[in-house]
Amino acid sequence: MTTSSAGSAPRRSRAPLAITAAIIAGLVILFFIFAGLYADVLWFDQLGFLSVLTTQWIASGVLFVIGFLGMAVPVWASIQLAYRLRPVYAKLNSQIDRYQQVIEPLRRLAMYGIPALLGLFAGVAAATHWQTILMWLNRTNAGTTDPQFGFDVSFYLFDLPFYQSLLAFSSAVVLIAALVALATSYLYGAIRITGREVYVAKAARVQIAVTAALYLLLQGVSIWLDQYSTLTQANDLITGAGYTDVSATIPGRAILAGIAVFVAILFIVTAFIGRWRLPVIGTALLIVSSLLIGSLYPWVVQRFQVDPSAKTLEAPYIQRNIDLTRDAYGVADVEEIPYTATTTAESGALRADAETTANIRILDPALVSDAFAQLEQFKQYYQFPSNLDVDRYTIDGKSQDTVVSVRDLNLSGLSSETWVNSSVVYTHGYGVVAAYGNQRSTDGQPVFLESGIPTSGALGEFEPRVYFGETSPTYSIVGAPEGSDPVELDYPSGEDGAQQTYTTFSGDGGPSLSGPFNKLIYALKFQSEQIFLANAVSDDSQILYDRDPITRVQKVAPYLTLDSDPYPTVVDGRIKWVIDAYTTSASYPYSTAVSLSDAIADTETPEQPFALDNINYMRNSVKATVDAYDGSVTLYAWDEEDPLLKTWQKIFPSTVEPMSEMSGDLMSHVRYPADMFKVQRAVLGKYHVTDPGSFYSEDDAWTTPNDPVSPSTNTTLQPPYYLTMQMPGQDSPSYSLYSTFIPNASGETSRNVLTGYLAADADAGSTDGERSDGYGKLRLLTLPNDITVPGPGQVQAKFNGDPTISAELNLLKQGQSTVLNGNLLTLPVGGGLLYVQPVYVQSTGETSYPLLQKVLVAFGDQIAFEDTLDTALNVLFQGDSGANAGDTDVPAVETPETPTDGGEPTVPSTETGDPATDAQLKTLLATAKEAIAEKQAALAANDLAAFGVADKKLSETVSSMLSLIGE
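With respect to unusual backbone geometry
Across residues other than glycine, the phi torsion is negative in most instances, and most of the peptide bonds are trans.
Alright, step 1. Looking along the chain, the bond that leaves Ile 453 and enters Pro 454 is cis, with omega of -10°.
Alright, step 2. Topologically, Pro 454 is positioned in the loop between strand S10 (448-451) and strand S11 (456-457).
Alright, step 3. The phi angle at Asp 572 is positive, at roughly 50°, despite the residue not being glycine.
Alright, step 4. Its place among the elements puts Asp 572 in the loop between strand S18 (567-571) and strand S19 (574-585).
Alright, step 5. When its relative accessible area of 46% is taken as the criterion, Asp 572 is described as partly exposed.
Alright, step 6. Unusually for a residue other than glycine, Tyr 590 sits at a positive phi of about 65°.
Alright, step 7. By the element assignment, Tyr 590 lies in the loop between S19 and strand S20 (594-595).

Shown next, in the form of structure tokens:
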């Protein structure tokens, strides 16, 4: 006995320790959860969007409680009824008796634990549907009715998804309640199976029959609602109800819904009279009816009535699909313009398109990133993205297409990436770098209109610091007490960049770290004790995180789908990221669904694997901005008639500003969104056809051509390009986004010829809060079948196979240099379609970068390949294009030198300050240009004698110019 007591004492002493450890562990876990939630509160509150977070929490919390109680209470009640109404003296077989003996000690726990566990799962599932519930509670009429039932489209966007979710949840609850009732009744003898006989006690009979009736009633309502689901379901031909659906499926579902309600009534009758034969027969009738009415009859109608005459019988339903698909994607008002494109390059053909020609972009934003890095990066802790952006600015009163980027931070470039360096010192990027899209220097470099550190150029004064960028650090700690020495590296200074300039963040960009509690919260969030211990962290410090523009907008507007390409622009003296945002749905009646990730994938946007993102409605409803200095997010309602946006504005009031609050400066930099345009071109490839007969035959289907510069082993679609150009039907050039179409065919029938040209007016104007009338206008040039206009693939193949061009490329490749083909642009000018492609050359050195050396142009079957776009156009159009390109006056290098390797002498500057001398220099410069043109013509004609005469003339002219300036 003594031994036993001694052994139990340590066990009793260990029990409180174990309980205490468990409590402490639970408290620690709860505090970590609290820390994450409290950090979210601080982040949203600082940004001014706390209501977004609290609305989500409240909605999710309420739905969790409803889901928990909605599942747990009926299941608990079902178990309790089955147990309390069990037979008192039931004769149990030995096996059931053993089950009871095992379960009885745990009965009370099971009676409460099973409903609670099921309720927990149901609550979590219900909480995830907060968007569906809130949208239904705040639904907004769309003002458009469906052609089958006459309901407002909002019924399909808001009501139907809610009703279907509610029915699915209710059906699951009733089904589980029935199962636990059956199990309990069987376990306690209310249901006994003896041989072929089944005994069911009265109480169990009533409970099971009523539960089955409830389930069948729910199924009847669900089948009734399935009538309306036919308008959003895809069949072999279209999305939406076709002839078979309208004639057989929809009436059949109405009949089946009635049969389900009738069988439910039979179960109620059984609850009172105790006869199972009627509901069993009714259930069999329901099953047989579902096979005959729900499956066989529609198959017979489709097979023997529709298939032989599908083209005529399906015509009205195809028309519904065409009309509502075009409406759902915003292409119903596309202006189709027959374009009889000429394929002959005649002299002076571009005279009427002189303004467009002067704006042709020859700088490829996908190839000049390395040039930006070598010329403007300055330090290893800066970087530029691999794909730059295209924007436009008004320079000297004229709109100028530019290639732009911010000089963002790159912590991986630091030689010593300590916590202090990565979190306190290197906190931000610096400046915008912008280059003219239509110019290049004499050696092929970009010509910058904004560059340098500190930044300077044509964009004026603005805040250059980029604390919020696409590659900003995970978090940075900024700010300091007034009067303290700044520690944040601002930019390198001095002639060699050896000196450093420091700054202190003075905005309101992140949650405050005042007090030890906030420091502890963020030390736990980022698992870094330095946040709590470091001297650099003071009560005046702020912590900046979630700094990527897309991340910030997505958090404050979780209901929006964001464009894949945010772009930086200088607006109102600040660098701001502009992000296009969309409201989408997959429930628009009669609209064909597309995969968003597939539709936007091209050379510039990689495919998104395993994405389940089918949509059949899309609107560019919001323009969002993120301030690069303080991270402030502003949402502007761009499509104020969109019912989805109106609904979300009711859910999150005061979070979206009206378009009238947008400044004219911001309006001048918003653009038609690329992802929206890609989805629209994917839809128009098939839905440019509006005749049901032609649509059914698919005799005019189009597709987007593959990018001719993508590798043959991994072809990608050609992306749309931003250009300033004048489309047929426009009075003047405007900033636009375009794409081309070729026939949608494969194999031997595939032809890479142009069939269509789609362009969107991307210029919103520059008036405060007022969008220009032309913005968003879609124009579709349709080319006749009897004219063959080469597609991008054909032009690229002709370029690559031309022997003269190949010889010149071989010269450019000397010294193991690489030739890179830039983006192949297509412009509707000169009565036809002009192709322009810059050609870059890059040496193999470690610090090399692509230099723009040549330009390819093509018009019809004719091509030209010259040093400048202007020269190439003149050669292409029989010596005179009729217009000047933007690279007519190629900027001279700062230090003129005469090469000694047999190359061309560099033309010196024509500005000396002496008017007489300047006039002589301009005359000589004109002579030099003539000599260059003569040399190129002689080279093209393989006339070595004429080439020598022109070369001598050029050398003498340059010598005269050097003499005039005293060199």
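A short note on the pairing of strand S9 (residues 432-436)
Alright, step 1. Counting buried positions along S9 yields 5 of 5 residues, so the element is predominantly enclosed.
Alright, step 2. Burial along S9 is two-sided: the face carrying Val 432, Ala 434 and Tyr 436 and the face carrying Val 433 and Ala 435 are both buried.
Alright, step 3. Judged from the 5 bridges that link them, strand S6 (residues 398-406) and S9 form a sheet pairing that is antiparallel. Bridging across to S9, Val 403 finds its partner in Ala 435.
Alright, step 4. Note that S9 and S10 share 2 bridges and pair antiparallel.

Topic: the environment of Leu 851
Alright, step 1. Relative to the elements of secondary structure, Leu 851 occurs in strand S33 (residues 851-859).
Alright, step 2. Overall, Leu 851 belongs to the partly exposed group, its relative accessible area being 22%.
Alright, step 3. Measuring from C-alpha to C-alpha, the distance between Leu 851 and Pro 446 comes to 8.3 Å, with 405 residues separating the pair along the chain.
Alright, step 4. Contacts of Leu 851, omitting those with residues within four sequence positions, involve Asp 443, Gly 444, Gln 445, Val 839, Tyr 840 and Val 841.

A look at the sheet that holds S10
Alright, step 1. Here we have 5 strands laid out as an open sheet, ordered S5-S6-S9-S10-S11, and antiparallel in their pairing. Here the strands that pair on one side only, and so sit at the sheet edges, are strand S5 (389-395) and S11.
Alright, step 2. Both S10 and S11 contribute to a ladder of 2 bridges, which runs antiparallel. Its bridge partner being in S11, Ser 451 is matched across the sheet by Ser 456.

A short note on the packing of aromatic side chains
Alright, step 1. Summed over all chains, the structure comprises 46 aromatic pairs.
Alright, step 2. Measuring from ring centre to ring centre gives 5.0 Å for Tyr 687 and Phe 695, while their planes differ by 45°; the resulting arrangement is tilted. As far as the burial class goes, Tyr 687 and Phe 695 line up, both buried.
Alright, step 3. Taking 5.1 Å as the distance between ring centres and 5° as the angle between the ring planes, the aromatic pair formed by Tyr 738 and Tyr 757 counts as stacked. Residue Tyr 738 is found in strand S27 (residues 734-743), and its partner Tyr 757 is found in strand S28 (residues 756-761); the two are separated by 19 residues along the sequence. For the residue pair Tyr 738 and Tyr 757, the accessibility class agrees, reading buried in each case.
Alright, step 4. Each member of the aromatic cluster is reached from another via a ring pair, and the members are Phe 149, Phe 151, Phe 155, Tyr 156 and Tyr 228.

Focus on a nonpolar patch on the surface
Alright, step 1. Together, Val 210, Leu 214, Leu 217, Val 261, Ile 265, Ile 268, Val 269, Phe 272, Ile 273 and Leu 278 make up an exposed nonpolar region whose accessible area comes to about 830 Å².
Alright, step 2. When residues of the nonpolar patch are traced back to their parent elements, those giving at least two are helix H7 (202-229) and helix H8 (243-273).
Alright, step 3. Examining the composition of the nonpolar patch, we find that 6 residues originate from one element, H8, more than from any other.

What to know about the nonpolar core
Alright, step 1. Tyr 522, Leu 635 and Tyr 672 are the most contacted members of the largest nonpolar core, which has 137 residues in total.
Alright, step 2. For this core, the element with the most residues is helix H6 (residues 154-187), which contributes 8 residues.
Alright, step 3. Not counting residues up to four positions away in its chain, the partners in contact with Leu 635 are Phe 49, Val 553, Ala 557, Tyr 559, Val 622, Lys 623, Ala 624, Thr 655, Val 656 and Glu 657.
Alright, step 4. Tyr 339, Tyr 757, Ala 759 and Ala 864 belong to the second-largest nonpolar core, a separate cluster that totals 51 residues.

Section: the side chain of Ser 621
Alright, step 1. With respect to the helices and strands, the residue Ser 621 is situated in strand S22 (residues 617-627).
Alright, step 2. With a relative accessible area of 0%, Ser 621 lands in the buried category.
Alright, step 3. Within polar-contact distance, the side chain of Ser 621 engages the side chain of Thr 583 at 3.3 Å.
Alright, step 4. Among all residues touching Ser 621, those that are not within four sequence positions of it are Leu 560, Ala 581, Tyr 582, Thr 583, Tyr 636, Ala 637, Trp 638, Asp 639, Asp 642 and Leu 645.

Re the side chain of Asn 321
Alright, step 1. Structurally, the position occupied by Asn 321 is in helix H11 (residues 315-328).
Alright, step 2. In terms of polar contacts, Asn 321 uses its side chain to reach the backbone carbonyl oxygen of Thr 239, at 3.2 Å.
Alright, step 3. Polar side-chain contacts of Asn 321 include one of 2.9 Å to the backbone oxygen of Tyr 590.
Alright, step 4. Setting aside residues up to four positions removed in sequence, Asn 321 forms contacts with Ile 238, Thr 239, Tyr 590, Ser 591, Thr 592, Tyr 687 and Phe 695.

Some remarks on the environment of Leu 869
Alright, step 1. Position of Leu 869 relative to the elements: it lies in helix H25 (residues 869-876).
Alright, step 2. Residue Leu 869 is classed as buried on the basis of its relative accessible area, which comes to 0%.
Alright, step 3. Linking Leu 869 and Val 836, residues 33 residues apart in sequence, is a C-alpha distance of 8.2 Å.
Alright, step 4. Once residues within four sequence positions are removed from consideration, Leu 869 is found in contact with Ile 360, Ile 362, Val 836, Val 855, Val 857, Ala 885 and Asp 887.

With respect to the packing of H7 against H8
Alright, step 1. With their axes 8 Å apart at the nearest point, H7 and H8 run at an angle of 170° to one another. Considered as vectors, H7 and H8 are oriented roughly antiparallel to each other.
Alright, step 2. Of the residues in the contact of H7 with H8, the class split is 21 nonpolar, 3 polar and 3 charged.

Description of helix H19 (residues 643-651)
Alright, step 1. Of the positions making up H19, those classed as buried are Pro 643, Leu 644, Leu 645, Thr 647, Trp 648 and Ile 651.
Alright, step 2. Where the residues of H19 are buried, they touch helix H2 (50-84), helix H5 (130-137), H6, S19, S22 and strand S23 (633-637).

Focus: the environment of Thr 755
Alright, step 1. The residue Thr 755 is located in the loop between S27 and S28 in this model.
Alright, step 2. Note on Thr 755: relative accessible area 11%, which makes it buried.
Alright, step 3. Considered as a pair, Thr 755 and Pro 790 are 35 residues apart in the sequence and their alpha carbons are 9.6 Å apart.
Alright, step 4. When near neighbours in sequence (up to four residues on either side) are disregarded, Thr 755 contacts Trp 702, Phe 741, Ile 742, Pro 743, Leu 781, Thr 782 and Leu 783.

What about the pattern of salt bridges?
Alright, step 1. The final tally for this structure, using the stated rule, is 23 salt bridges.
Alright, step 2. In this structure, Lys 854 and Glu 808 form a salt bridge, with 3.0 Å as the shortest nitrogen-oxygen distance. Highlighted residues: Lys 854 in strand S33 and Glu 808 in helix H24 (residues 803-812), separated in sequence by 46 residues.

Regarding the packing of H6 against H7
Alright, step 1. Closest axis-to-axis distance for the H6/H7 pair is 9 Å, and the angle between their directions is 160°. With respect to H7, the axis of H6 lies roughly antiparallel. Of the two elements, H6 crosses H7, and the hand of that crossing is left-handed.
Alright, step 2. Per-class residue counts for the contact of H6 with H7 are 18 nonpolar, 9 polar and 1 charged.

What counts and what doesn't
Residues numbered from 1 in each chain as written. Predicted model: local features only at pLDDT ≥ 70, side-chain atom pairs only at ≥ 80, totals over all residues. Heavy atoms only, no water. Helix = DSSP H or I, 4+ residues; strand = E, 2+ residues; numbered from the N terminus. Buried < 20%, exposed > 50% of the residue type's maximum accessible area, 1.4 Å probe, protein only. Pairing = 2+ DSSP bridges. Contact = heavy atoms within 4.5 Å. Phe/Tyr/Trp six-rings, centres within 6.5 Å; stacked < 30°, edge-to-face > 60°. Patch = residues over 30% accessible without salt bridge, like charges linked within 9 Å, V, L, I, M, F, W, Y side chains within 5 Å. Areas by Shrake-Rupley, 256 points an atom, 1.4 Å probe, with all protein chains shown as cover. Salt bridge = Lys/Arg side-chain N within 4 Å of Asp/Glu carboxyl O. Core = buried A, V, L, I, M, F, W, Y, C linked by side-chain atoms within 4.5 Å. Polar contact = N/O pair within 3.5 Å; in protein donor to acceptor, adjacent residues only side chain to side chain. Axes fitted to C-alpha atoms, helices over the stretch in contact; angles between N-to-C directions. Parallel < 35°, antiparallel > 145°, perpendicular 65-115°, else oblique. Nonpolar A, V, L, I, M, F, W, Y, C, P; charged D, E, K, R; others polar. Left-handed = near helix turned anticlockwise from the far one by under 90°.

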